[in-house]
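Observations on the three-dimensional arrangement
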Amino acid sequence: MGVRAFRLVSGAWIRSTMAYRTSFVLTTIGNFAVTALEFVGILLMFSQVDRLGGYTLPEIAFLYGTAGAAFGLADLAAGSLGRVGQRVRDGTLDVFLVRPAPVLAQVAADRFALRRVGRFAQGLVVLGWSVTAMDVAWTPLKVLLVPVLLVSGAGIFVAVFLAGAAFQIVAQDAAEVQNAATFGGNALLQYPPTVFGDNLLRGVTFVLPLAFVNWIPALYILGRPYPLDLPRWTAFTTPLVAAAALAVAGMLWRAALRAYRSTGS
């Protein structure tokens with residue numbers, strides 16, 4: 001029922017968007033271009049240095065592309081959850097509570113922004129270039145790990161969006177806290193872990209498992225060790241981490257809805 005509700009609501013918003021095709025094309029191109037400026041910054045950095053944290057430009061591009069594509073996919077599916085705090089404050093969350101459909105599906109699909117596909121596409125473009133430019137001994141296992149990485153990484157980001165939305169219901173604000181974990185996490189993962197301290201690495205590995213989005217599986221593909229000396233087999237645990245993160249985030253969401261008492265109560 002939740003998938004059907006998400007499909008119906010998002011489909012209505014997509015039809016509304018496609019009624020103005022020129023506007024959709026322009027905003028999608030704009031979304032692509034704005035996110036591309038992040039990679040332009042990396043290119044400018046490499047005009048002055050040969051390596052960053054011991055990594056070459058194609059290797060950084062691989063990290064950038066995997067993080068960007070995974071986040072773009074999650075943002076497309078669950079980016080609307082970032083507005084839950086605003087809905088709590090103005091009372092419009094109550095509208096979703098009285099409808100005969102799962103609240104999560106309604107909130108995630110509300111104002112579904114198809115233009116966000118530009119961010120996903122930009123990440124894929126950089127990823128595609130990096131794959132052709134890297135000096136990597138590709139094996140069937142490494143090739144298979146790339147799509148698994150993208151889907152599982154998107155799942156982890158969706159879990160972070162969902163947990164952040166639950167926190168917004170309880171705090172009745174704090175959208176920026178969620179943005180720090182989602183958009184900030186995406187920016188963090190675009191750079192190699194070797195440029196960050198061990199305490200931060202432990203936090204994004206064992207507390208908020210963003211490292212499993214791309215660092216841990218990507219470093220296996222690149223043939224590089226993870227700074228915390230995790231065993232190599234952890235590169236293949238990303239789907240399990242994503243499933244666990246989604247399960248925990250789902251429990252937090254349900255707990256937050258049960259505690260919700262509407263505006264002013």
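Above this text sits the structure in question.
Residues numbered from 1 in each chain as written. Predicted model: local features only at pLDDT ≥ 70, side-chain atom pairs only at ≥ 80, totals over all residues. Heavy atoms only, no water.

**So, the side chain of Gln190**
Tracing the chain through its elements places Gln190 in the loop between helix H9 (175-189) and helix H10 (198-207). Assessed through its relative accessible area of 4%, Gln190 is described here as buried. Leave out the neighbours within four places in its chain, and Gln190 touches Glu38, Ile60, Leu63, Tyr64 and Ala67. (Helix = DSSP H or I, 4+ residues; strand = E, 2+ residues; numbered from the N terminus. Buried < 20%, exposed > 50% of the residue type's maximum accessible area, 1.4 Å probe, protein only. Contact = heavy atoms within 4.5 Å.)

**Side note on the packing of helix H3 (residues 57-78) against helix H7 (residues 117-133)**
When two helices pack together, you describe them by how their axes are tilted relative to each other and by the distance separating the axes. Across the interface, H3 lies against H7 with an axial gap of 7 Å and an inter-helix angle of 155°. Judged by the angle between their axes, H3 and H7 are roughly antiparallel. Once H3 is placed against H7, the crossing between them reads as left-handed. Here the residues of the contact of H3 with H7 sort into 17 nonpolar, seven polar and two charged. (Axes fitted to C-alpha atoms, helices over the stretch in contact; angles between N-to-C directions. Parallel < 35°, antiparallel > 145°, perpendicular 65-115°, else oblique. Left-handed = near helix turned anticlockwise from the far one by under 90°. Nonpolar A, V, L, I, M, F, W, Y, C, P; charged D, E, K, R; others polar.)

**Concerning the packing of aromatic side chains**
On inspection of all chains with the given rule, the structure shows seven aromatic pairs. Ring geometry for Phe71 versus Phe161: centroids 6.0 Å apart, planes at 25°, classification stacked. With Phe71 in helix H3 and Phe161 in helix H8 (residues 140-171), this residue pair connects regions lying 90 residues apart in the sequence. Members of the aromatic cluster, each reached through a chain of ring pairs, are Phe71, Phe157, Phe161 and Phe183. (Phe/Tyr/Trp six-rings, centres within 6.5 Å; stacked < 30°, edge-to-face > 60°.)

**Concerning the nonpolar core**
Ranked by internal contacts, the top residues of the largest apolar core, which has 69 residues, are Phe62, Leu81, Val84, Leu93, Ile169, Trp215 and Tyr226. The element best represented in this core is H8, accounting for 14 residues. If near-sequence neighbours (up to four positions away) are discounted, Leu81 is found in contact with Leu104, Val107, Ala108, Phe161, Leu162, Ala165, Gln168 and Gln178. (Core = buried A, V, L, I, M, F, W, Y, C linked by side-chain atoms within 4.5 Å.)

**A short note on the layout of surface pockets**
In this structure, the largest pocket encloses a volume near 390 Å³. Considering the residues around the largest pocket, the lining is formed by 19 residues, among which Ala159, Val160, Ala163, Leu208 and Pro209 are closest to the centre. Secondary-structure elements contributing two or more residues to the lining of the largest pocket are H8, H9 and helix H12 (238-259). Among the residues forming the lining of the largest pocket, the class breakdown is 17 nonpolar, two polar and no charged. (1 Å grid on protein atoms, 1.4 Å probe; cavity = no way out; pocket = protein on both sides within 12 Å on 5 of 7 lines; lining within 4 Å. Points joined across faces, edges and corners; volume = space filled by probe spheres on them.)

**Brief notes about empty space enclosed by the protein**
Within this structure, the stated rule accounts for one cavity of 30 Å³ or more. Considered as a void within the structure, the largest cavity measures approximately 40 Å³ in volume. For the lining of the largest cavity, the secondary structure elements donating two or more residues are helix H2 (21-46), H3 and H7.

**A short note on helix H11 (residues 215-222)**
Across the eight residues of H11, eight count as buried, placing the element largely inside the fold. Listed in full, the buried residues belonging to H11 are Trp215, Ile216, Pro217, Ala218, Leu219, Tyr220, Ile221 and Leu222. Close packing links the buried residues of H11 with H3, H8, H9, H10 and H12.

**Digging into the side chain of Thr66**
Relative to the helices and strands, Thr66 is located in helix H3. Note on Thr66: relative accessible area 0%, which makes it buried. Of the polar contacts made by the side chain of Thr66, one reaches the backbone oxygen of Phe62; its length is 2.8 Å. Setting aside chain neighbours within four positions, we find Thr66 in contact with Leu127, Leu149, Leu150 and Asn214. (Polar contact = N/O pair within 3.5 Å; in protein donor to acceptor, adjacent residues only side chain to side chain.)

**Remarks on the pattern of salt bridges**
Summed over the entire model, instances satisfying the criterion amount to three salt bridges. Note that Glu59 and Arg224 form a salt bridge whose closest N and O atoms lie 3.2 Å from each other. With Glu59 in helix H3 and Arg224 in the loop between H11 and H12, this residue pair connects regions lying 165 residues apart in the sequence. Exposure remark for Arg224: the relative accessible area of 24% places this residue in the partly exposed category. Residue Asp75 pairs with Arg116 through a salt bridge whose shortest N-O separation is 3.9 Å. One end of the pair, Asp75, is in helix H3; the other, Arg116, is in the loop between helix H6 (103-109) and H7, with 41 residues separating them in the sequence. Side by side, Asp75 and Arg116 carry an identical accessibility label, which is buried. (Salt bridge = Lys/Arg side-chain N within 4 Å of Asp/Glu carboxyl O.)

Limitation: the analysis is restricted to geometry and does not speak to function.
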